[in-house]
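Notes for the structure review
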Amino acid sequence: MKIHALGIDVPDKKVDGRRQILIDTLSQVCSAGFSLAELSIPSLNVIMNGELAPQRLEAIKNVTTQFDLRYSVHAPGRANLAFGRDPELEFRVLESCLRLTQAVGARILVYHSGLQAMDAARTGTEALPGADELARGAEREVAALRRLAPRAADLGVTIGMENGDPHLWEYAVLLRAGKRREELAKYHARMRTAAIVAQAEAVNHPNVGITLDLGHLHLATHALGEDYLEAVSAAAPWVRHLHINDNFGLLDTGYDSESDRLIYGEADLHLPPGWASIPFADAFERLSDYEGDIVLEIKERYRDHLGEALANTRRILLDNGHELHEAA
């Protein structure tokens, strides 16, 4: 691997639209030794009803240019080009996300793959979709990404579709619908890297690829009984961006408290690399041709350990012969 920058996510709930908190957080990112920050669009107050607010965007640009950092950008987690209620609004949101990404000088827009069709069933407003609607949803996402890809290319941005992880509530939805646990990946297909690869292949554009989240994948392959490293290999040719953090591969059991989850080793803990059981060295070996950035996504409660997280990541990379170039 040839890594251009080691970055850290900027927590959206911490910033929550407040520019001074954003300034303070970016200052901490620099102080901790990172060369890239991943901005979360929901925290910035710059997109309203699908449209960019020009004055607010200028204010954010005035903040980001104060720091010797590179940036990547994360679209809203709820954005869904496959199963969103209003496809044209979803398209406008993603188009505005692309323009924001270009405006702050970033080259990667992270977008959670839309192959998760369970939200309406979770709220009880709709039943789980049938096979025909699942196929139509995947086709809608491909069609939307084909429209967005040339715009992304014009802006110098690559869209990275991110893979997902399982949750207890999803199994509860299946139970209420009379479905078997083994059917989860039918409705939450983005748990499988192969499903996102199929979307990328169908779009067939150099500005659409995969953001591989190694933490999500660890949880997903454990839940599905699949081979973790084989799933990494399946995604490797399409990976354009990497998210990493550590966990134990255990499904949550309905507790939302991070302190409870940590004690029992459950769920997407977002721990510093090296704290849990993800085999990062082996995963990186499967990504030997990857060239790009690595973004650590670390929960707020573990931010006192950012130095250790960064040092552990550097050590894993350098000890296994990967190149690391961290100039901002």
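Residues numbered from 1 in each chain as written. Predicted model: local features only at pLDDT ≥ 70, side-chain atom pairs only at ≥ 80, totals over all residues. Heavy atoms only, no water.

1. Things to note about the overall build of the chain
Summing up its helical and strand segments, the chain has 14 helices and eleven strands in all. Computed over C-alpha atoms, the radius of gyration of the chain comes to 19 Å, within 12% of the 20 Å expected from 2.2 N^0.38 for 328 residues, which places it in the range of a compact globule. In terms of overall dimensions, the chain has a C-alpha envelope of 55 × 45 × 35 Å along the principal axes. The buried share of the chain, taken over its 328 residues, is 54%. Within the chain, residue pairs in contact and separated by at least 24 positions form 81% of the contacts whose partners lie at least 6 positions apart. Per element, the accessible surface of the chain, about 14,200 Å² overall, is 47% carbon and sulfur. For the chain, the distance from the average position of its 34 positive side-chain charges to the average position of its 48 negative side-chain charges is 5 Å. (Helix = DSSP H or I, 4+ residues; strand = E, 2+ residues; numbered from the N terminus. Rg over C-alpha atoms; globule rule 2.2 N^0.38 Å. Buried < 20%, exposed > 50% of the residue type's maximum accessible area, 1.4 Å probe, protein only. Contact = heavy atoms within 4.5 Å. Areas by Shrake-Rupley, 256 points an atom, 1.4 Å probe, with all protein chains shown as cover. Lys, Arg positive; Asp, Glu negative; His and termini not counted. Charge placed at Lys NZ, Arg CZ, Asp CG, Glu CD.)

2. Structural notes on the pairing of strand S7 (residues 158-162)
When you tally the buried positions in S7, you get five out of five residues, the bulk of the element. Going residue by residue along S7, you find Thr158, Gly160 and Glu162 tucked away on one face and Ile159 and Met161 tucked away on the opposite face as well. Pairing analysis gives five bridges linking strand S6 (residues 108-112) to S7, with the strands arranged parallel. Opposite Tyr111, over in S7, you have Met161 as the bridge partner. The pairing of S7 with strand S8 (residues 208-213) spans four bridges and is classified as parallel. If you follow Ile159 over to S8, its bridge partner there is Val208. (Pairing = 2+ DSSP bridges.)

3. Section: the nonpolar core
Counting 81 residues, the largest nonpolar core has Leu26, Leu212, Leu214 and Ile294 as its most contacted members. Setting aside residues up to four positions removed in sequence, Leu214 forms contacts with Tyr228, Val232, Leu242, His243, Ile244, Ile278, Phe280, Ala283 and Phe284. Counting 13 residues, the second largest nonpolar core, distinct from the first, contains Ala117, Met118, Val173 and Tyr187. (Core = buried A, V, L, I, M, F, W, Y, C linked by side-chain atoms within 4.5 Å.)

4. Here we look at the packing of aromatic side chains
On inspection of all chains with the given rule, the structure shows two aromatic pairs. Sitting over the ring of Trp169, Arg122 keeps its end group 4.2 Å from the ring centre. Positioned above the aromatic ring of Tyr171, the side-chain terminus of Arg181 is 4.0 Å from the ring centre. (Phe/Tyr/Trp six-rings, centres within 6.5 Å; stacked < 30°, edge-to-face > 60°. Lys NZ or Arg CZ within 6 Å of the ring centre and 35° of its normal.)

5. Considerations on the pattern of salt bridges
With the rule as written, the count across this model stands at 16 salt bridges. Its salt-bridge partner being Glu126, residue Arg85 comes within 3.4 Å of it at the nearest N-O pair. Here Arg85, found in the loop between strand S5 (70-74) and helix H4 (87-103), pairs with Glu126, found in the loop between helix H5 (119-123) and helix H6 (131-155); they are 41 residues apart in sequence, far enough to count as distant. Residue class for Arg85 comes out exposed when judged on its relative accessible area of 62%. Accessibility expressed as a relative area gives 45% for Glu126, which makes it partly exposed. For the salt bridge of Arg180 with Glu182, the shortest nitrogen-to-oxygen distance reads 3.6 Å. (Salt bridge = Lys/Arg side-chain N within 4 Å of Asp/Glu carboxyl O.)

6. A look at the side chain of Thr158
By the element assignment, Thr158 lies in strand S7. Overall, Thr158 belongs to the buried group, its relative accessible area being 15%. Apart from the residues within four sequence positions on either side, Thr158 is in contact with Arg107, Ile108, Leu109, Pro206, Asn207, Val208, Gly209 and Arg240.

7. Focus: the pairing of S6
Burial within S6 is extensive, with five of its five residues counted as buried. Neither face of S6 is left uncovered, since the one carrying Ile108, Val110 and His112 and the one carrying Leu109 and Tyr111 both have all their residues buried. With two bridges connecting them, S5 and S6 associate as parallel partners. Counted as the bridge partner of His74 is Val110 from S6.

8. Remarks on unusual backbone geometry
Despite not being glycine, Asn45 shows a phi value in the positive range, around 60 degrees. Inspection of the secondary structure assignment puts Asn45 in the loop between strand S2 (36-40) and strand S3 (47-48). Here Asn45 falls in the partly exposed class, since its relative accessible area comes to 44%. Residues other than glycine seldom take positive phi values, yet Ala267 does so here, at roughly 75 degrees.

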